[in-house]
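# Observations on the three-dimensional arrangement
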Amino acid sequence: MADDGIWTADELMHGKSGSGGAPESPSKDAPASAPIGSSVLKRASVRKLKGGKSKTTDPMDWGMPGHLSEEEVAIFRRTMHILCAIVNLCHCTAVVPSNRYLTDIDFPSAPQMKFRQEVENRGGEFKSTVYSFGSIEGEAYCLTRWLRARKFKYDDVIAMVEEATEVRADARKHDFYPDPVLALGCEPSVFQAQYPQLYHGHAKNGCPVFISKPGILNCDGMECITTLDGILKFHWHVMMHDYKMRLLKHKEAHPDFNNFQCLVVIDLEHLSTSQLSQRALSIVKTQTAIDSVCFPETMNRTLVINAPRFFSMTWSIIKGWIDPRTAGKIELISSRKSWEARLRELVDENQLPCDYGGTGTSTIETLKKEAPNGVLQQHHELVHVRSSGHCTVDVPAGGHMEVKVFSRSASEVIISVVDENDKTKELSPPVSFQHTGGSDETIPPTSLVVTATRIVGPCKARVKIDSKGSRFSSAGNYMVACNIYGEK
C-alpha cells in the first residue's frame, strides 16, 4: 500500500488494507485557500472504508472510495487529470499528479481542452465549487461525491459543476451571507419559531444529525417575517457557515472522518393536507434546490417519521418512480416506538434529543439557544387582525421585554401595550404601523420595535393591534416577537 495518502486504482476498487492508523491530514502550514497542488493532492486525507476484496457491495457504499468499478476508476482518473490542468491554468503552477492516478490516460480530447479553457476564463471558480467544504474533506471523497451524483457520467458531472458554479456565483460575492440577520431580515430565532430546523449531535458514522419539522411549518408567519429570497440567503449561510463548520470541527477531532454527509430526520407530526400549500412547497423547494446542485451526495440517510396515512400512501407510489439507491436511503416510519428504536441504531443516545428517544437536550431547549445574546425568554405569536387583535405575554420579575412586530399588511394599525389585569394602565404608548412595500412578495416585510422602552416585569402584558380601516375589512396578519432580557 502507498504511504502518501493517495489511492491506487486497486485501492479505489477494493479498499485500502494494512492501514492501522488515521490518515495524514493536509499540511497545517498550507493556507486554506492554497491551490490543489501536488502537496495537497498527496496529503489529501483518506481512510479505509472497507478492507479486503469483498465481491458484494452495500448499496450505501456505491461510488465510495474502496468500492469503485474499473469504469468508475477510469472516470476518477480522468477527473484528476482535468483537476491538475485547472490548477496549472489558474495558478501558473506545474502540478504533476501521481502516475498511479493517470496510468494509461491520454491527454485530454478536444472537448476536454475546451473545458480547460473555460475553467481558465472562470479563474478557478470550478475548483472552489467542487471543494466547497475545503480540501480537508479528502480529494477521493470529494470528487466521488460529485461523480456519484451523476452516476459517473463524466459529461453530466461537468455540466452539473458548471451549473453549480453559476448558481452559487451571487452568494459567493457576498461570502455566503455570514450575518444570518441580514440574510433573513429577522433574528434566526424568529424564523426557527415558524419552521423549526436544527442540528443536534452526530450519528455513529460521524455525520451531523439534522432535524426538520415541516409538520408545524407556519406559512403565514413566514410570510410576515421574510421572503423566499431571504430564506435562500439564509440557507447559504447555514450550509457554508454552520454545516461546513460542524464538518470541519468533527474532522479536526476525528482525523479519519471523511463522510461529509448528514443524517436527516424529517418529522411530519401535525402535518395535514391543508398545510401542503404552494407557499409551503415553495419554502421547502427553495432550500432543497441549492443542496441538490451545489452540495451533491451530502444526504447520508433520511428518516421520515410520524408520517400521516395520506403521506405514507403517496410515498409508496413515489418510491417506485425514483432511483432505487436514493429510495433506499429514505426510510418512512410512522410508529414512534419503531422510529425511536431505528434512531438509536444510527445515533448514540447521548447525541439524540430526549424528545426523539435519546438522553440529550430537547429540541425545544436547543432552539432556545438561537435567541440573541442576553435574551432569557422569547414569545412569538401570529395575530390575525380584522378590526382588532391581541396577544398576551407574561413578563417575569426582573425581566425587561422588548416587542417587535412584522407584517406585510398595507392597512394602517395602531399598536399599544397595556396591562392585561388593568387595561387602563399603559405599558408602552401607541404607535402607528403600516407596511409600505406594496403587495410585491419579493420586497421584505416591514418591522418595527413598538416599545419605546423595555417593559419591566413582573406583569402580564397585552399587545393590542387596532385597525384604522373599516370594521368589515381585514387588516391582515402580524407577527409579534417578544424578547425578554435579564436585569441590566
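In this text the structure is predicted, and so the values were computed from the model without any measurement.

Within the chain, the regular secondary structure consists of 18 helices and 14 strands. Out of the 488 residues belonging to the chain, those deemed buried represent 49%. A total of about 23200 Å² of accessible surface is found on the chain, and carbon and sulfur atoms cover 51% of it.

Under the counting rule described, the total for this entry stands at 15 salt bridges. Between K233 and D229 there is a salt bridge whose closest N-O contact spans 3.2 Å. A residue pair is termed a helical-turn pair when its members lie 3 or 4 positions apart in one helix, as K233 and D229 do in helix α13 (residues 228–253) at four residues. According to the relative accessible area criterion, D229 is partly exposed, its value standing at 38%. The closest approach of N and O atoms between E340 and R344, which form a salt bridge, is 3.7 Å.

A few words on the nonpolar core. Inside soluble globular proteins, nonpolar side chains tend to come together where they are buried. Core analysis: the largest hydrophobic core is formed by 53 residues, its most contacted members being V130, W146, F191, I225, W236 and F295. At nine residues, α13 tops the list of elements feeding residues into this core. Leaving out residues up to four positions away in the same chain, W236 has contacts with V167, R168, A171, F176, Y177, H241, I290, C294 and F295. F433, C459, A475 and V480 belong to the second largest nonpolar core, which has 23 residues in total.

Moving on: the sheet that holds strand β3 (residues 262–267). Within a beta sheet, neighbouring strands are joined by backbone hydrogen bonds and run either parallel or antiparallel to one another. Taken together, the five strands give an open sheet; going across it, the order is β1-β2-β3-β4-β5, and neighbouring strands pair in mixed fashion. A strand with exactly one partner marks an edge of an open sheet, and here the two such strands are β1 (197–202) and β5 (330–333). For this sheet, the mean inter-axis angle between neighbouring strands, taken without regard to orientation, is 20°. Two strands pair when backbone bridges link them, and strand β4 (residues 299–305) and β5 are joined in this way by four bridges, in the parallel orientation. By the bridge assignment for β5, L303 is matched with E331. Sheet contacts for α13: β1, β2 (208–212) and β3; angle to β1, the most-contacted strand, approximately 5°. Against the sheet, helix α17 (residues 336–346) contacts β3, β4 and β5, and its axis sits at roughly 160° relative to β4.

Now for the side chain of E297. The topology assignment puts E297 in the loop between α14 (278–294) and β4. At 3.3 Å, the side chain of E297 forms a polar contact with the side chain of R148.

For β3, the buried fraction is high: five of the six residues fall into the buried class. Examined bridge by bridge, β2 and β3 share four bridges and lie parallel to one another. For S212, the partnering residue across the bridge sits in β3 and is I266. The sheet contact formed by β3 and β4 spans six bridges and is parallel.

Attention now goes to the environment of F191. Inspection of the secondary structure puts F191 in helix α11 (residues 188–194). Overall, the relative accessible area of 0% leaves F191 in the buried class. A C-alpha to C-alpha distance of 9.8 Å links F191 and N218, two positions 27 residues apart in sequence. Once residues lying within four places of it in the same chain are set aside, the contact partners of F191 are L184, C186, Q197, M222, I225, I231, F234 and Q287.

Take α17 next. Turn by turn, an α-helix covers 3.6 residues, leaving residues three or four places apart pointing in a common direction. Listed in full, the buried residues belonging to α17 are W339, E340, R342, L343 and L346. Within α17, the buried residues cover an arc of 165° as seen down the axis, which keeps them to one side. With respect to the buried face of α17, the exposed residues turned more than 90 degrees away are K337 and E345. On its buried face, α17 is in contact with β3, β4 and β5.

When two helices pack together, you describe them by how their axes are tilted relative to each other and by the distance separating the axes. Taken N-terminus to C-terminus, the directions of helix α8 (residues 154–167) and α14 make an angle of 135°; their axes are 9 Å apart at the nearest point. Judged by the angle between their axes, α8 and α14 are oblique. Judged by residue contacts, M160, E163, A164 and V167 of α8 engage S292, V293 and C294 from α14. Its residues assigned to classes, the contact of α8 with α14 comprises five nonpolar, one polar and one charged.

Our next topic: the packing of aromatic side chains. Given two aromatic rings, their pairing is described by the distance between the two centres and the angle made by the two planes. As enumerated under the stated definition, the model contains eleven aromatic pairs in all. Over the aromatic face of Y485 sits the side chain of R454, whose NZ or CZ is 3.7 Å from the ring centroid.

Each value, and the rule that gives it
Residues numbered from 1 in each chain as written. Predicted model: local features only at pLDDT ≥ 70, side-chain atom pairs only at ≥ 80, totals over all residues. Heavy atoms only, no water. Helix = DSSP H or I, 4+ residues; strand = E, 2+ residues; numbered from the N terminus. Buried < 20%, exposed > 50% of the residue type's maximum accessible area, 1.4 Å probe, protein only. Areas by Shrake-Rupley, 256 points an atom, 1.4 Å probe, with all protein chains shown as cover. Salt bridge = Lys/Arg side-chain N within 4 Å of Asp/Glu carboxyl O. Core = buried A, V, L, I, M, F, W, Y, C linked by side-chain atoms within 4.5 Å. Contact = heavy atoms within 4.5 Å. Pairing = 2+ DSSP bridges. Axes fitted to C-alpha atoms, helices over the stretch in contact; angles between N-to-C directions. Polar contact = N/O pair within 3.5 Å; in protein donor to acceptor, adjacent residues only side chain to side chain. Arc of directions from axis to C-beta. Parallel < 35°, antiparallel > 145°, perpendicular 65-115°, else oblique. Nonpolar A, V, L, I, M, F, W, Y, C, P; charged D, E, K, R; others polar. Phe/Tyr/Trp six-rings, centres within 6.5 Å; stacked < 30°, edge-to-face > 60°. Lys NZ or Arg CZ within 6 Å of the ring centre and 35° of its normal.

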